[in-house]
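# Structural characterization, general
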Amino acid sequence: GFWGGVLRAMSPPQSMLDMFKGASSLLVLFLLTVNMFRGAGSALWWNRYMVYPMTYVVAMQLGRGEHLLPSLAVGTLLRYIVNLLFTILSKLDWFAEPRRINRANPPADQHERELDWDGPVILSPVAFVLVDAVTPLLREETVVPLSWWGILVMFLGHYLITEPIYYAFHRILHLPNVYKASHSHHHASTVTEAISGTSHPMAETLGYLANFSFPFLLPAWLGVFSYGLVPIYFVFFDVLNCVGHCNFEAIPPWMQLGPMKYFVYTSAYHSLHHTKYKFNYCLFCPIWDYLGGTVHPTTNDLHGQVLNQAQRKLEAVFLAHGHGLHSMLHLPWFSPYLATHQHEVRWWMIALQPFNFVWALCCRYLFDTTCIQRYQFRGTECATWCLPVTAHFYFMRSHREAIFEMILKAVRDADDAGVRYLGLAHLNKAEWINHGGCDIVSRLEEHRKIRVVHGNTLTAATVWQALRQYTEPQDEVVFAGSTSKIGRALCILLARRGNIVHMITGCQERFEKIRADAGEEAGKKLVRMKTYEEGKGRRHWVIGKQMSDESIKELIPPGSLIVDFAVPHVPQEVATAYRYVNGAALNYSRRDTDLTFCHDVPNTMPACLAATIIHAREDRGEHEVGEIEVEDVEGWWDRAVKNGFSLSCIEPNQAGRCIAPSAGGSGSDSGKAEAGVRAKLA
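This structure is a prediction, so every number in the text was calculated from the model and none was measured. (Residues numbered from 1 in each chain as written. Predicted model: local features only at pLDDT ≥ 70, side-chain atom pairs only at ≥ 80, totals over all residues. Heavy atoms only, no water.)

Before going further, it helps to spend a moment on helix α3 (residues 51-62). End to end, α3 covers 16 Å across twelve residues, agreeing with the expected 16 Å (1.5 Å per residue, within 8%). Taken together, the buried positions of α3 are occupied by Val51, Met54, Thr55, Val58 and Ala59. Along the axis of α3, the buried residues cluster in a sector spanning 140°; they form a single face. (Helix = DSSP H or I, 4+ residues; strand = E, 2+ residues; numbered from the N terminus. Expected span 1.5 Å × (residues − 1). Buried < 20%, exposed > 50% of the residue type's maximum accessible area, 1.4 Å probe, protein only. Arc of directions from axis to C-beta.)

Below is the structure:
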C-alpha cells in the first residue's frame, strides 16, 4: 500500500547496506589486527584469535577469497602442527641436548613476549582474502589443478624474488634507528625458540607478509596457481623458519657439501645472527650473505662443533612428578610459556580435561621418566626429571609398588649417567611409597655412587628461620601437620626454644613419641589439639598439612603469621590477608641460574630442590633420607644463605597488594628485601 511504498522509498538500496556491512566488517578486522600487537599483557590480547572467524565473515560479505578458505584452513593447521613439533623436539632432552647450540635456557619473560609468534599465521588468510578482493590474480576461475610446473614456479618466486628482497629488507631493519624502533623486539631473543622466527612488531610483520606473497603471485601471474600450493609453501616456510630458530642443529653435514651450503642454511648459521647481529642476514638461502660479504667467519666451524660436541654431565637431578590433570599442559614441550607459570586450571583447560585424562593414563603406563629442563646453578649442572605420573596415582594402593619401582629405576638411570645427587619431590618421598627415601637406599646396589636426598632438613630449616625471625619465645604456635618428619623436628625446636606448641594431631602415640624426643622440660611445652577448631583465634600458625581456604579464613584472624610448608600451598589470594612465609620455597637470584621451569611457586625454588643443589655443590657424599636430625636444622639454613637462597615472604600493605623480595635480585638484594619485610612484620 501507500505506507509500504513510502518505507521502500526511504530505505537505502541493498547495495548501500552491503557496502556498510563490508566496511563495518573490515573495520572490525582492522581493530582486531591492531589489537594482536598490543602484547600479551593486554586484557583483550586473546581476542587475536577472533581474526579467524572475522576473516571468514569478510570473505563472505565481499564475495572474494571464500574459495581460498579451505586450503588456507588446511595450511594454517599444518603451520601450528609444524611449530608444535619443533617445539617438542627442542624440549626433548634426549633428542636436542646432543645438538644444542646455545646451552642456556631462554628467560621466562621471553616466552611471554613471544606469545605473538602466530601473528603472521593468523594474518596470512587475511592477506589472501584482501589480495583476491583487489586483484584478479587469485580469482576462482584462474585456479588450476596442482602441477609440478606450478610447484617449480612457486619455488622460483621464493628463491629469485622473496630471498633477495628479504636480505635487503633485513639489512635495512638493522639500521640503528629502524632496529631500535622495530627489529630489536625480535633480537631480544638471543637464545631462540622454535617459534621465535615469527615474533615481530606489526609493521615488520606486514612487510614480511607482502614479501612472502611472491611465491603465490608469480604462479598466479603465469596462470599456474593452485590451491595445493598454499599448504605446501606454508609447511616449507615454517619448517625452515623453525630450523633456524629451534636452538638445536637440524641440518646434517651432507646438506652442506659443495654448493649446497649456498642454498641451505643451518640452525647454527641463523643462531649466529642472533648473537653476532651484523652477520648471516639471509632468510633461508646463504648465497645472498656470501654475495654481500656478511657470512660470519665461524659459521662452518660452529656447525661441525655442535654436531660433534660432548653431552653435558649432570651433577644433580631433581625427580618431580605431575600434579593434577591440568599439569600435563604445563610441560615445556606443550607450552614453554605455561611451563614458567604456576600450575593452575585456566578456563580453556576445562574442555581439554578428557584429553588430559587419556594422556595421563598413557603417560602412566607407556612412558618413562623424562627430563623437563636442564639448567645450571652457579656453575653446577642440574636438571629436573619428571616421573610421568600425576598425583592421584600415588594415593591408589594398587599403583604404589609400581611407582616405587619407577622411582628406583630413575635413581639407577641417574647413577648410570654419572649424576652424583638425586633429590625427591613431594610424593616421591612419601612415607607410604618409600619411607622418605630409605627403601630406595636399601635397594641400591653396592657399586652405586649416587646419593639420594629428600631435602626435608632444609625445608625444616627454612620454616625454623621464619619462626625465629617472626616470633618470640613467649608466643604460642598452632601447628598443623605436626607429626610429619618436618613437623616433628620443628615442634621439638620450638619447644626447646620455649614456645608452647599446640600440635594438631589425631594420633596420641605419635604425639607422645615426639614429646619424649623433645626431652623432659621441652616436652612440657608440647600440647595436643585434636581439632583445628581448638586453635581458632590464635595468631601464630604453622601449616604443614593442607587446610581449606574457608578454614583458614574462619580460624586464623587476618594479619596473623602463617608459615606454610604444605603442598599445595595456601593460595596467594588468601595469603595476602596474612603475614605469610612460604617455608617450602626459597627465593634465589636469577643471575645465579637459567632455571625457568616453575616447579610450584613462581620465581622461587622448592626447598628440597635447593637442598639437592647444595648437596651437589658441597659434595657432602651422604644420603639424606628418613627422619630429620634436629641438630642439623640450623646448619642447613647457613648453607642455604651461603649458596644465595633467602626466605619467600609476602605481606599485605595498606592497599592489599603483595610485597615480596625480588627473585631477580642479587643475594645481598634479597637479604635487604627480606630484612625490609621482617621490619614490617615486627
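Turning to the layout of surface pockets, a few remarks are in order. When its volume is computed, the second largest pocket comes out at roughly 1,100 Å³. If you trace the second largest pocket, you find 25 residues lining it, with Trp46, Tyr49, Phe334, Ser335 and Trp348 closest to the centre. The set of elements that each furnish at least two residues to the lining of the second largest pocket consists of α4 (69-91), α6 (108-113) and α16 (336-339). At four residues, α4 tops the list of elements feeding residues into the lining of the second largest pocket. When grouped by side-chain class, the residues that make up the lining of the second largest pocket number 17 nonpolar, four polar and four charged. (1 Å grid on protein atoms, 1.4 Å probe; cavity = no way out; pocket = protein on both sides within 12 Å on 5 of 7 lines; lining within 4 Å. Points joined across faces, edges and corners; volume = space filled by probe spheres on them. Nonpolar A, V, L, I, M, F, W, Y, C, P; charged D, E, K, R; others polar.)

When you tally the buried positions in strand β3 (residues 380-387), you get eight out of eight residues, the bulk of the element. Neither face of β3 is open: one carries Thr380, Cys382, Thr384 and Cys386, the other Glu381, Ala383, Trp385 and Leu387, and all of them are buried. One ladder, built from six bridges, connects strand β1 (residues 316-321) with β3; its direction is parallel. Considered in β3, the bridge of Phe318 is made with Thr384. By the bridge criterion, seven bridges tie strand β2 (residues 370-377) to β3 in an arrangement that is antiparallel. Its bridge partner lying in β3, Tyr375 is registered against Cys382. (Pairing = 2+ DSSP bridges.)

Take the pattern of salt bridges next. Between side chains of opposite charge, pairing is possible as soon as their charged atoms come close. A complete count under the given rule lists 30 salt bridges for this structure. A salt bridge links Glu344 to Arg346; the nearest nitrogen and oxygen atoms lie 3.9 Å apart. With a relative accessible area of 39%, Glu344 lands in the partly exposed category. Among the salt bridges present, the one from Glu445 reaches Arg412, with a minimum N-O distance of 3.0 Å. Here Arg412 lies in helix α19 (residues 397-416) and Glu445 lies in the loop between α21 (438-443) and β5 (451-453), a separation of 33 residues in the sequence. Relative accessible area serves as the criterion here: at 29%, Glu445 is assigned to the partly exposed category. (Salt bridge = Lys/Arg side-chain N within 4 Å of Asp/Glu carboxyl O.)

These results come straight from atomic positions and should not be treated as a statement about function.
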